[in-house]
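# Commentary on secondary and tertiary structure
Each chain is listed here by its residues.
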Amino acid sequence: MSSSVIFTIDDDADFNMLLKTALKPYDINVVTHTTPVTFIKSIKERSPDLCILDLNLETGKGGEGFQLLKAMRNRLGQELPIFIMSRRGDREDVLLAMENGATDFIPKPLDDIYLLLKLKKFLPNNKKVQAIEADTVKVNDRDIPLTVSTEGLVSSVSIDGLEIVGESYLLKGRSFQLQGKLLEEIFGRTQMGFKVEEAWQIEDRKFGAFLTRDYNTDEFFKLRKWL
């Protein structure tokens, strides 16, 4: 059986939804929790293939993520892979997490490709995860390149960014390359890097996203002139 089970704990409901959506196409069942109590209950009932813990759980005075990690290692040993995920990506946090038994550290905002490539090592029986290549991501059973064409996707252009609509779900916070005639028309370049500022589902198999870029002065004036 190639499907996998990952338990997560994060008090951010929106992030939980995004993580479930990003990993579902890869036969990964993400069981989300928002409190240590429900998370521990699930661990006692079933052993997952991997766990992802948020460091900054707003359920007490702080440090609950580290405390939970230590408790899990004391109870379960070192075999279960445990990833720490947090916006607190400084070196001290990473070192402390590793000292307390973390298998790996994933920074927020989530880069789904980065996470999936790391999961390849820990989900050897998951065929879809093992088939992932560094330059593609599978969405709705389609291989989507990290360089995405703008043709037919851009619904609006403003001074703040681009809004696109298509069949690919682009996770908030993820960066990738856009390419196409529209960029050449506006900026005189066929390929540029953008970041997903917001993402939403319009209907089944149809998604929207707002993309931003830190334009340099030349790009800004070209965009303003085009508008």
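The structure we're discussing is the one just above.
Residues numbered from 1 in each chain as written. Predicted model: local features only at pLDDT ≥ 70, side-chain atom pairs only at ≥ 80, totals over all residues. Heavy atoms only, no water.

## Observations concerning the overall build of the protein
Where we set the bar: Each helix corresponds to a stretch of at least 4 residues labelled H or I by DSSP, and each strand to a stretch of at least 2 residues labelled E; elements are numbered beginning at the N terminus. Type-normalised accessible area, obtained with a 1.4 Å probe on protein chains alone, sets the label of each residue: buried when under 20%, exposed when over 50%, and partly exposed for intermediate values.
Along the backbone of the protein there are 8 helices and 13 strands. A total of 227 residues make up the protein; the buried ones form 42% of that total.

## Here's the deal with the side chain of Thr8
Test applied: Two residues qualify as a contact provided that any one of their heavy atoms is within 4.5 Å of a heavy atom in the partner residue.
Among the structural elements, Thr8 can be located in strand S1 (residues 4-9). Apart from residues no more than four positions distant in its own chain, Thr8 is found in contact with Asn16, Leu19, Val30, Val31, Thr32, His33, Phe39 and Ile52.

## Description of helix H3 (residues 64-76)
Note the threshold: By this rule the span expected of a helix is its residue count minus one, scaled by 1.5 Å.
Over its 13 residues, H3 extends 18 Å from the first C-alpha to the last, a length consistent with the 18 Å expected when each residue adds 1.5 Å. Taken as a whole, H3 has its buried residues at Glu64, Gly65, Phe66, Leu68, Leu69, Met72 and Arg73. Gly77 sits one or two residues past H3 and shows a positive phi near 85 degrees.

## Observations concerning the pairing of strand S4 (residues 82-86)
For clarity, the threshold we go by: Any two strands with at least two DSSP bridges between them are considered paired.
Across the 5 residues of S4, 5 count as buried, placing the element largely inside the fold. Of the two faces of S4, the one holding Ile82, Ile84 and Ser86 and the one holding Phe83 and Met85 are both buried throughout. Bridge count between strand S3 (residues 50-54) and S4: 4 bridges; the pairing is parallel. Residue pairing across strands places Asp54 opposite Met85, the latter belonging to S4. Pairing between S4 and strand S5 (residues 104-107): 4 bridges, direction parallel. Residue pairing in the sheet places Phe83 in a bridge with Asp104 of S5.

## Considerations on the packing of aromatic side chains
Cut-off, in case you're wondering: Two rings from Phe, Tyr or Trp (for Trp, the six-membered ring) form a pair when their centres sit within 6.5 Å of each other. Planes less than 30 degrees apart are called stacked, planes more than 60 degrees apart edge-to-face, and all others tilted.
Throughout the structure, instances matching the rule amount to 4 aromatic pairs. With a centroid separation of 5.4 Å and 85 degrees between ring planes, the pair formed by Phe83 and Phe122 is classed as edge-to-face. Residue Phe83 is located in strand S4, and its partner Phe122 is located in helix H5 (residues 112-122); the two are separated by 39 residues in the primary sequence. Summarising the aromatic geometry, the rings of Phe187 and Tyr215 are spaced 5.6 Å apart at their centres and angled 20 degrees between planes, so their arrangement reads as stacked. One end of the pair, Phe187, is in helix H7 (residues 181-187); the other, Tyr215, is in the loop between strand S13 (206-212) and helix H8 (217-226), with 28 residues separating them in the sequence. We note that Phe187, like Tyr215, is buried. Aromatic rings pair up to connect Phe187, Phe194 and Tyr215 into one cluster.

## Examining a nonpolar patch on the surface
Applied cut-off: The patches described consist of residues with a relative accessible area above 30% and no salt bridge, like charges being joined within 9 Å and nonpolar side chains (Val, Leu, Ile, Met, Phe, Trp, Tyr) within 5 Å. Throughout, the Shrake-Rupley method with a 1.4 Å probe supplies accessible areas, and for residues the shown protein chains are the sole cover considered. Definition used for salt bridges: Asp or Glu carboxyl oxygen within 4 Å of a side-chain nitrogen of Lys or Arg.
The grouping of Ile159, Phe220, Phe221, Trp226 and Leu227 at the surface amounts to a nonpolar patch, some 440 Å² of accessible area in total. The topology assignment puts Leu227 in the segment after H8.

## Notes on the pairing of strand S9 (residues 154-157)
Residues in a regular strand project their side chains so that they alternate between the two faces of the sheet. Where S9 lies against strand S10 (residues 162-166), 3 bridges are found, and the strand directions are antiparallel. Its bridge partner lying in S10, Val157 is registered against Leu162. Adjacent in sequence and paired antiparallel, S9 and S10 are bridged by 4 residues.

## Focus on the sheet that holds strand S2 (residues 28-33)
Our working definition: For every element, the axis is a line fit to its C-alpha atoms; helices are fit only across the contacting stretch, and the angle between N-to-C directions ranges from 0 to 180 degrees.
Strand order in this open sheet of 5 strands is S2-S1-S3-S4-S5, and the pairing throughout is parallel. Since the sheet does not close on itself, it has two edges, and those belong to S2 and S5, each with one partner. On average, each strand axis in the sheet is inclined to that of its neighbour by 25 degrees, with strand direction left out of account. Pairing of S1 with S3 involves 4 bridges; the strand directions are parallel. Residue pairing across strands places Phe7 opposite Cys51, the latter belonging to S3.

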